Amino acid sequence: MDPGDYLLVALDLCIRSEEWPPLVSRHARNHSYKMKGQKSEGENHTITCRAAIAWATNSPLSIEEVQVEPPKAGEVRIKMTSSGICGSDDHVLKGIIPVKFPLIPGHEGAGIVESIGDGVNSVKPGDKVLTVIIPQCRECSSCLHPRGNFCEKQDILPSSGLMMDGTSRFTCKGKKIYHSFRTSTFTEYTIVPEIAVAKIDDASPMDKVCLMSCAMPTGYGAAVHSAKVTPGSICVVFGLGGIGSAIVMGCKASGASRIIGVDINEEKFPRAKALGVTDCLNPQKLKKPVQQVVMEMTGVGVDFAFEAIGLTETMIAAWESCHLSYGVCLIIGVAPPNSKLSLDATPIITGRILKGVCLGEYKTRDCIPQIVTAYLQHKVNVDPLITHQLPFDQIHKAFELYHAGKTIRCVLLF
Ligand code: NAD
Ligand code: ZN
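Notes on the coordination of the zinc ion (ligand 2)
Moving on, step 1. Coordination of the zinc ion (ligand 2) by the protein involves Cys-86 (SG), His-107 (NE2) and Cys-214 (SG), with metal-donor separations of 1.9 to 2.5 Å.
Moving on, step 2. When the donors of the zinc ion (ligand 2) are listed by position in the chain, the intervening gaps give C-x20-H-x106-C. Taken together, the residues Cys-86 in the loop between strand 3 (75–84) and helix 3 (87–94) and His-107 in the loop between strand 4 (103–104) and strand 5 (108–116) connect sequence positions 21 residues apart.
Moving on, step 3. Residue class for Cys-86 comes out buried when judged on its relative accessible area of 2%.

Here it is in structure tokens:
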């Protein structure tokens, strides 16, 4: 087997496994890690620490002292070690993903369990973990279906900003602070439901693996796991940011023969080419709509199109770039609330597939730890996505770099 095959086997393991759920998770469930009387040194006390708070939409983040309550039943308190800055965090701050303010944003996080609430048995203090925006409760219709991953206990669509009991664990200056997707990683300590905590290998480098919590499974997984990009296929990727770059890596690993990258920021092109993009297009410099140019370049349209921006116009362009009969269009970008896709209805009968995908369609707690292990075994690499690393207190600089289009992923270190 060549290295690419190993990689696909590793990352496709969860779905191809004939037994469901996979052996690894059944083992974890049957084996109670809980150590009676040793929950943690910090049990039952509130922690005061620093966190970045967004007090309102479109207002600058401010680093404040916050109080983080002890974890309640089924919850885990985590000392953060690193967090990526994802396009979705920017959507949150701009109100493109509706959330409640004031809140502590951030979701692409890695950390170490500080303490656990009653009944938590899949992690213990000292474990290395990732926070995941899509939990895996293992009980709902999505979790019980072999292909479903959008767990009913998620707090994204819609977002209550609260833990599962309807209350918050954060306060600042006496005010209640909301959680972001029940992850909130721009803080030295956070609280996450156990069902949204993925335990990872003890050898994981914590300054890197935070990207395994979102960018890598989302992008790479969209290509290798959800679309199942085929060898020799032609792909187009709209948006060459963190998610788009991970998609390109997944298309390349799957043996795509041509990968067209589309972005309005040409500074993204050299890195995208290094990852596997064969042709770069800047729609703002084209005389025709980008989908028409993709059609002309390929003759018949692409096998796989990915949208990783979050705009309806690029979603339509991705759809219209696909081969009429067998093209598959995957939407990864998050569009603003109440926006509608207007598609030419007649050609829908021709066979093209339109599909949305969240976190690479992975069952998060089962699969994400396996992707981390694949990384430790050098079967998949997250390092090319990390362009910057900054201390947490330089979060403003990190966002400035992001807005200037300089970063693929900037990792905040605690
Ligand atoms: P990013 O900001 O790093 O990347 C977006 C890229 O799109 C940038 O390179 C930007 O220059 C480019 N772009 C902006 N407008 C464009 C246009 N009109 N035409 C072409 N290119 C354009 O963001 P990201 O972290 O890569 O996230 C991308 C999208 O994916 C966001 O909408 C985010 O919310 C979403 N997302 C979805 C999931 C999921 O599971 N479905 C997970 C994470 C992120
Ligand atoms: Zn994300």
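What about helix 3?
Given 3.6 residues per helical turn, the α-helix brings residues three or four places apart onto the same face.
Moving on, step 1. Counting buried positions over the 8 residues of helix 3 gives 6, a clear majority of the element.
Moving on, step 2. Those residues of helix 3 that sit buried are Ser-88, Asp-89, Asp-90, His-91, Val-92 and Leu-93.
Moving on, step 3. In this structure, the buried residues of helix 3 make contact with strand 3, strand 4 and helix 11 (395–403).
Moving on, step 4. Backbone geometry just downstream of helix 3 places Gly-95 in the positive-phi region, at approximately 80°.

Considering the packing of helix 5 (residues 215–227) against helix 6 (residues 242–253)
Moving on, step 1. Between helix 5 and helix 6, the shortest axis-to-axis distance is 7 Å and the interhelical angle comes to 40°. In terms of their interaxial angle, helix 5 and helix 6 are classed as oblique. Our pair here, helix 5 against helix 6, has a crossing hand that is right-handed. Residues Ala-215, Met-216, Thr-218, Gly-219, Tyr-220, Ala-223 and Val-224 of helix 5 form the contact with helix 6, whose own contacting residues are Ile-243, Ala-246, Ile-247, Met-249, Gly-250, Cys-251 and Ala-253.
Moving on, step 2. Each residue belonging to the contact of helix 5 with helix 6 can be placed in one class, and the counts come to 11 nonpolar, 3 polar and no charged.

Let's talk about the sheet that holds strand 8 (residues 175–179)
Moving on, step 1. Pairing within the open sheet is mixed, and its 5 strands lie in the order 1-2-7-8-4. Looking along the sheet, the strands with just one partner apiece sit at the ends: strand 1 (47–53) and strand 4.
Moving on, step 2. Pairing geometry for strand 2 (residues 62–68) and strand 7 (residues 170–172), over 2 bridges, is antiparallel. Note on strand 7: the bridge partner recorded for Gln-67 is Thr-171.

Points about the site of ligand 1
Moving on, step 1. The local shell around ligand 1 holds 28 residues, among which Gly-87, Ser-88, His-91, Asp-263 and Tyr-402 are the closest.
Moving on, step 2. Note that an oxygen atom of ligand 1 is positioned 2.8 Å from one of the side-chain N or O atoms of Ser-88.
Moving on, step 3. In this structure, Asp-263 approaches ligand 1 through a side-chain N or O atom, which is 2.6 Å from an oxygen atom.
Moving on, step 4. Ranked by residues supplied to the shell around ligand 1, first place goes to helix 3 with 3 residues.
Moving on, step 5. Tallied by class, the residues present in the shell around ligand 1 amount to 14 nonpolar, 11 polar and 3 charged.

So, the environment of Thr-350
Moving on, step 1. Positionally, Thr-350 belongs in the loop between strand 15 (328–331) and strand 16 (353–356).
Moving on, step 2. Take Thr-350: its relative accessible area is 32%, and that puts it in the partly exposed class.
Moving on, step 3. C-alpha of Thr-350 to C-alpha of Leu-324: the two residues are 26 residues apart in sequence and 5.9 Å apart in space.
Moving on, step 4. In contact with Thr-350, not counting residues within four places along its chain, are Leu-324 and Ser-325.
Moving on, step 5. Here Pro-347 takes part through its backbone oxygen, which lies 2.6 Å from a polar atom of the side chain of Thr-350.

Things to note about the packing of aromatic side chains
Moving on, step 1. The tally for this structure, following the rule as stated, stands at 3 aromatic pairs.
Moving on, step 2. On the basis of an interplanar angle of 80° and a centroid distance of 6.1 Å, the ring pair of Phe-186 and Phe-399 is categorised as edge-to-face. Of the two residues, Phe-186 sits in the loop between strand 8 and strand 9 (189–193) while Phe-399 sits in helix 11, which places them 213 residues apart along the sequence.
Moving on, step 3. Classification of Phe-186 by relative accessible area gives buried; the value is 0%.
Moving on, step 4. In this structure Phe-399 comes out as buried when scored by relative accessible area, which is 6%.
Moving on, step 5. Seen from their ring centres, Phe-399 and Tyr-402 are 6.5 Å apart, and the 75° between their planes marks the pair as edge-to-face. Highlighted residues: Phe-399 and Tyr-402, both in helix 11, separated by 3 residues, approximately one helical turn.
Moving on, step 6. Classification of Tyr-402 by relative accessible area gives partly exposed; the value is 23%.
Moving on, step 7. The aromatic ring of Trp-319 is capped on one face by Arg-352, whose charged end is 5.2 Å from the ring centroid.

Cut-offs applied
Residues numbered from 1 in each chain as written. Chains lettered and ligands numbered in written order. Predicted model: local features only at pLDDT ≥ 70, side-chain atom pairs only at ≥ 80, totals over all residues. Heavy atoms only, no water. Donors = N, O, S within 2.8 Å, 3.2 Å for Na, K, Ca; no water. Helix = DSSP H or I, 4+ residues; strand = E, 2+ residues; numbered from the N terminus. Buried < 20%, exposed > 50% of the residue type's maximum accessible area, 1.4 Å probe, protein only. Contact = heavy atoms within 4.5 Å. Axes fitted to C-alpha atoms, helices over the stretch in contact; angles between N-to-C directions. Parallel < 35°, antiparallel > 145°, perpendicular 65-115°, else oblique. Left-handed = near helix turned anticlockwise from the far one by under 90°. Nonpolar A, V, L, I, M, F, W, Y, C, P; charged D, E, K, R; others polar. Pairing = 2+ DSSP bridges. Near = heavy atom within 4 Å. Polar contact = N/O pair within 3.5 Å; in protein donor to acceptor, adjacent residues only side chain to side chain. Phe/Tyr/Trp six-rings, centres within 6.5 Å; stacked < 30°, edge-to-face > 60°. Lys NZ or Arg CZ within 6 Å of the ring centre and 35° of its normal.

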